[in-house]
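Structural overview for review
Take a look at the letters that make up each chain.
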Amino acid sequence: MKILVCISQAPDTTSKISFIDNDTRFNDDKVQFIVNPYDEWYALVRALEIKESLGGHVSAISVGGPALETVIRKVLAIGADDAIRIDAEPSDSFGVASAIAEYAKDKGYDLILTGKETIDYNGSEVGGMLAELLGLPFVSLASKLDLSEGKVVLETAAEGGLEIVTAPLPCVISAAKGMAEARIPNMRGIMAARTKPIEVAAGNAPALVQIKKFSLPAPKSSVKLIDPENVEQLVELLHNEAKVI
Amino acid sequence: MSVLIVAEIAKGAFRKSSLEAISYGSRIASKLEMNAIVLAIGTAADAQLALAGNYGAAKVIKVDHPNFQHPDSGAYTALIADVVASTQSSVVLFTHDNLGKAVAPRLSARLRAGLVSGATALPDLSEGFVVQKNVYSGKAMAAIAITTPVKIISLMPNSVSPVLSQGTAEVEAFSGSADGYKPQTSSRYEHTERDGEISLPEAELVVSAGRGLKGPENWGMIEELAGVLGAATACSRPVSDIGWRPHHEHVGQTGLAIRPNLYIAIGISGAIQHLAGVNGSKVIVVINKDPEAPFFKAADYGIVGDAFEIVPKLTAAIKKLKSAN
């Protein structure tokens, strides 16, 4: 079983979000980047669990400059066998998907996993684009993934219940909460990661959209506090002022 | 040239989020002097489908075929790409939900059409075609220009209110054969919700609770409050991690992101990861005994006090309101 896990970096959730260059670029000064949680906690860990039970090889792939090394080493420390960095500067999801597809098309991966979205762009786009570019089946937002008789069996949320989806291999799956539990790298993993190979491949990242400007939401007006002895006032405000009940 | 809206049908009628997309797409169509055409996939009576006219659509193309029983991304993409070509659509709209997330990116790659997913406002057409969406889990917004000939948008549910009009839409069957769009995946549905339970992703009202409740045995009052409101129940991550509540109730950065009209947070401190999943809510009410809880900074209304005293009073007050109306 040859598995490819797509990894993105994202600002740590507690980072201060601000912009530079006339609000066209994220200000990464003093920002700590982490592995995008959906990629790490769910996609990567499930890939490792499959390898541990069935054997195989888990590669991680990421698209971007040399600064990605920190998150790539983390992924290797958690347990990926090796990693690929496509040396390109994508400006949108299509750029990321194109660069990965170009690399992966003739490598014979059985299963390609992505997180359900990144916590910076929140697009939920790369997995579907990648599947289309590779001509593979794609199932999004899977909260459970098992292998059975050469196929993947997935669970996805559906209104009032869940869909149990069966997809042939090879395929692309995006991982949501539930697929696995986060793992913390141990000292042995961290030591091993130092010597695991990172392949740097050239690549192109064509764009279909362009970010014109970032902005910050208007500050929230301060909370209206209600006396705990007068809960009826809250109901009155929700009914007459906010008009939500 | 047209604007094509991919609409979903549930229980014989358009989903609410699809009506929002139809209205949104129709407003773009009228600005661009185009027709708004709805692609309705599923089973519904023509009279129901014609209601798209009330939201500005001129035409509904209906496809009701076993190949589209479940949202196979490949089959849907192939069908929609063909309808985009036959209707000469230059803008394609989805809802940013499970179907939109599965299909819109595939269509984008197939047609080399720029995609903005999770749009929160009508596009600005004054200088090109610029669509606004939330980024950094709701902590910022981005204005994104789509420069390709065909443009794809998935609309964030509950963010742009539909506008009603007087029009009628003609309903016609898909002119091609749907037999060729074979799904590569198969699926079986399992109903897991109890009768009367409200589905969290689509709920307009949500009552959520956290560690402040001290134990799973104390959720009775939360369910009772949700019951009188007609709300769904949710919880914070620690509560689902320790198994007090099921995982599918976890809202936050790594769980479910929701955008209800009303979010009532009880005994949840409001860590930034939790806020990332609920900051799209229209109105936030926080009940917490700690006046320093960070959640109060993100709240519209707050009560500093003991949830075990306040929640039953709140339930009683809502019951009173409901019986008075």
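What you see is a predicted model; the values in this text were computed from it and never measured.

Re the sheet that holds strand E15 (residues 283-288) of chain B
Spatially, six strands are ordered E15(A)-E16(B)-E15(B)-E14(B)-E12(B)-E13(B) in an open sheet, and the strand pairing comes out parallel. The open sheet has two edge strands with one neighbour each: strand E15 (224-225) of chain A together with strand E13 (232-235) of chain B. As judged from the two bridges shared by E15 of chain A and strand E16 (residues 301-304) of chain B, these two strands associate in the parallel manner. Paired with Leu-225 of chain A across the two strands is Gly-302 of chain B, which belongs to E16 of chain B. Lying over the sheet, helix H9 (residues 307-324) of chain B contacts strand E14 (262-266), E15 and E16 of chain B, oriented at roughly 135° with respect to E15 of chain B.

Side note on the side chain of Arg-85 of chain A
Residue and element names in this part refer to chain A. You can see Arg-85 is positioned in strand E7 (residues 82-87). At 2.9 Å, the side chain of Arg-85 forms a polar contact with the side chain of Asp-87. Residues contacting Arg-85, with those up to four places away along its chain left out, are Ser-62, Gly-64, Gly-65, Pro-66, Leu-68, Ile-72, Ile-198, Glu-199, Val-200 and Ala-201.

Description of the domain arrangement of chain B
Residues and elements named next belong to chain B. Splitting chain B by domain gives domain 1 (2-173) and domain 2 (200-324). Measuring from the centre of the C-alpha atoms in domain 1 to the corresponding centre in domain 2 gives 32 Å. Counting each side, the surface lost to burial between domain 1 and domain 2 is near 740 Å², with a carbon and sulfur contribution of 31%. Area buried by domain 1 at its contact with domain 2 is led by Ser-137, Lys-139 and Asn-158, which between them contribute 57% of it. Remark: the boundary between domain 1 and domain 2 carries two salt bridges. Its salt-bridge partner being Lys-16, residue Glu-204 comes within 3.5 Å of it at the nearest N-O pair. Of the residues assigned to the side of domain 1 that touches domain 2, the class counts are two nonpolar, six polar and three charged.

Focus on the interface of chain B and chain A
In this complex, chain B contributes 82 residues to the contact, which on the side of chain A involves 75 residues. Overall, the association of chain B and chain A removes approximately 6800 Å² of surface from exposure, summing both partners, and the carbon and sulfur fraction of that is 57%. Among the residues chain B hides against chain A, the three largest losses belong to Arg-106, Tyr-136 and Tyr-301 of chain B. Together they make up 12% of the total. Where chain B packs against chain A, one counts seven salt bridges. As a salt-bridge pair, Lys-11 of chain B and Glu-159 of chain A come within 3.7 Å of each other at their nearest N and O atoms. Counting across the interface, chain B meets chain A through 36 residue pairs in polar contact (both at pLDDT 80 or more). In terms of residue count, the dominant contributor to the side of chain B that touches chain A is helix H4 (residues 98-111) of chain B (eight residues).

Details of the nonpolar core
Grouped together as the largest cluster of nonpolar side chains are 55 residues, with contacts concentrated most on Ile-86 of chain A together with Leu-39, Phe-68, Leu-79, Ile-80, Val-92 and Phe-94 of chain B. Not counting residues up to four positions away in its chain, the partners in contact with Leu-39 of chain B are Leu-4, Ile-5, Val-6, Ala-7, Ile-61, Val-63, Leu-79, Ile-80 and Val-83 of chain B. If you look at the next biggest cluster of nonpolar residues, it comprises 44 residues, including Ile-9, Tyr-55, Ala-119 and Ile-146 of chain B.

Remarks on the pattern of salt bridges
All told, the structure shown has 31 salt bridges over all chains when counted by the stated rule. Between Glu-132 of chain A and Arg-106 of chain B there is a salt bridge, and its shortest N-O distance comes to 2.7 Å. Taken together, the positions of Glu-132 of chain A in helix H4 (residues 126-134) and Arg-106 of chain B in helix H4 put the pair across two chains. Residue Arg-106 of chain B is classed as buried on the basis of its relative accessible area, which comes to 3%. Between Glu-172 of chain B and Lys-59 of chain B there is a salt bridge, with its nearest N and O atoms 3.6 Å apart. Placement of Glu-172 of chain B in strand E10 (residues 170-173) and of Lys-59 of chain B in strand E4 (residues 59-63) is noted, with a sequence separation of 113 residues between them. A single network of salt bridges, built from pairs that share partners, joins Glu-159 of chain A together with Glu-8, Lys-11, Arg-15 and Glu-202 of chain B.

Focus: the sheet that holds E7 of chain A
Pairing within the open sheet is mixed, and its 10 strands lie in the order E13(A)-E7(A)-E6(A)-E1(A)-E8(A)-E12(A)-E9(A)-E10(A)-E11(A)-E11(B). Either end of the sheet is taken by a strand with one partner, and the two such strands are strand E13 (198-202) of chain A together with strand E11 (186-191) of chain B. Between one strand and the next, the sheet's axes are offset by a mean angle of 30°, whatever the strand orientation. Strand direction decides the pairing type here: strand E11 (residues 161-168) of chain A and E11 of chain B, joined by six bridges, are antiparallel. Bridge pairing in E11 of chain B links Val-165 of chain A to Ser-187 of chain B. In the packing of helix H3 (residues 93-104) of chain A onto the sheet, the strands contacted are strand E1 (2-6), strand E6 (57-63), E7 and E13 of chain A, and the crossing angle to E6 of chain A comes to about 140°.

A few points about a nonpolar patch on the surface
All names here are of chain A. Together, Met-187, Ile-190 and Met-191 make up an exposed nonpolar region whose accessible area comes to about 290 Å². Structurally, Ile-190 is set in helix H5 (residues 187-193). With relative accessibility at 34%, the residue Ile-190 sits in the partly exposed group.

Quick word on the packing of aromatic side chains
A complete count under the given rule lists 12 aromatic pairs over all chains for this structure. Ring plane angle 85° and centroid distance 5.4 Å describe the contact between Phe-68 of chain B and Tyr-76 of chain B, whose orientation is recorded as edge-to-face. With respect to class, Phe-68 of chain B is no different from Tyr-76 of chain B; both count as buried. Ring plane angle 70° and centroid distance 6.1 Å describe the contact between Trp-219 of chain B and Trp-244 of chain B, whose orientation is recorded as edge-to-face. Here the residue Trp-219 of chain B occupies a position in the loop between strand E12 (205-209) and helix H5 (220-229), and Trp-244 of chain B occupies one in the loop between helix H6 (237-241) and E14, the gap between them amounting to 25 residues. Among the aromatic side chains, those forming a connected cluster through ring pairs are Phe-19, Phe-26 and Phe-214 of chain A together with Tyr-136 of chain B. A cation over a ring is seen here: Lys-2 of chain A above Tyr-109 of chain A, with NZ or CZ 5.0 Å from the ring centre.

Focus on the state of the cysteines
All names here are of chain A. With the rule as written, the count across this model stands at zero disulfides over all chains. Looking at Cys-6, it has no disulfide partner, and the nearest cysteine sulfur is the one in Cys-171, 12 Å off. Look at Cys-171 and you get buried, because its relative accessible area is 1%.

Observations concerning helix H1 (residues 16-31) of chain B
Residues and elements named next belong to chain B. Taking 1.5 Å as the rise per residue, H1 with 16 residues should run 22 Å; its terminal C-alpha atoms sit 23 Å apart, in good agreement. Of all 16 residues that make up H1, 12 are buried, and the element is covered over most of its length. Along H1, the positions that sit buried rather than exposed are Ser-17, Ser-18, Leu-19, Glu-20, Ala-21, Ile-22, Ser-23, Tyr-24, Gly-25, Ser-26, Ile-28 and Ala-29. Glu-33 sits one or two residues past H1 and shows a positive phi near 55°.

What counts as what
- Residues numbered from 1 in each chain as written.
- Chains lettered and ligands numbered in written order.
- Predicted model: local features only at pLDDT ≥ 70, side-chain atom pairs only at ≥ 80, totals over all residues.
- Heavy atoms only, no water.
- Pairing = 2+ DSSP bridges.
- Helix = DSSP H or I, 4+ residues; strand = E, 2+ residues; numbered from the N terminus.
- Contact = heavy atoms within 4.5 Å.
- Axes fitted to C-alpha atoms, helices over the stretch in contact; angles between N-to-C directions.
- Polar contact = N/O pair within 3.5 Å; in protein donor to acceptor, adjacent residues only side chain to side chain.
- Domains from an automatic or database assignment.
- Buried area = accessible area lost by both parts, 1.4 Å probe.
- Salt bridge = Lys/Arg side-chain N within 4 Å of Asp/Glu carboxyl O.
- Nonpolar A, V, L, I, M, F, W, Y, C, P; charged D, E, K, R; others polar.
- Core = buried A, V, L, I, M, F, W, Y, C linked by side-chain atoms within 4.5 Å.
- Buried < 20%, exposed > 50% of the residue type's maximum accessible area, 1.4 Å probe, protein only.
- Patch = residues over 30% accessible without salt bridge, like charges linked within 9 Å, V, L, I, M, F, W, Y side chains within 5 Å.
- Areas by Shrake-Rupley, 256 points an atom, 1.4 Å probe, with all protein chains shown as cover.
- Phe/Tyr/Trp six-rings, centres within 6.5 Å; stacked < 30°, edge-to-face > 60°.
- Lys NZ or Arg CZ within 6 Å of the ring centre and 35° of its normal.
- Disulfide = S-S within 2.5 Å.
- Expected span 1.5 Å × (residues − 1).

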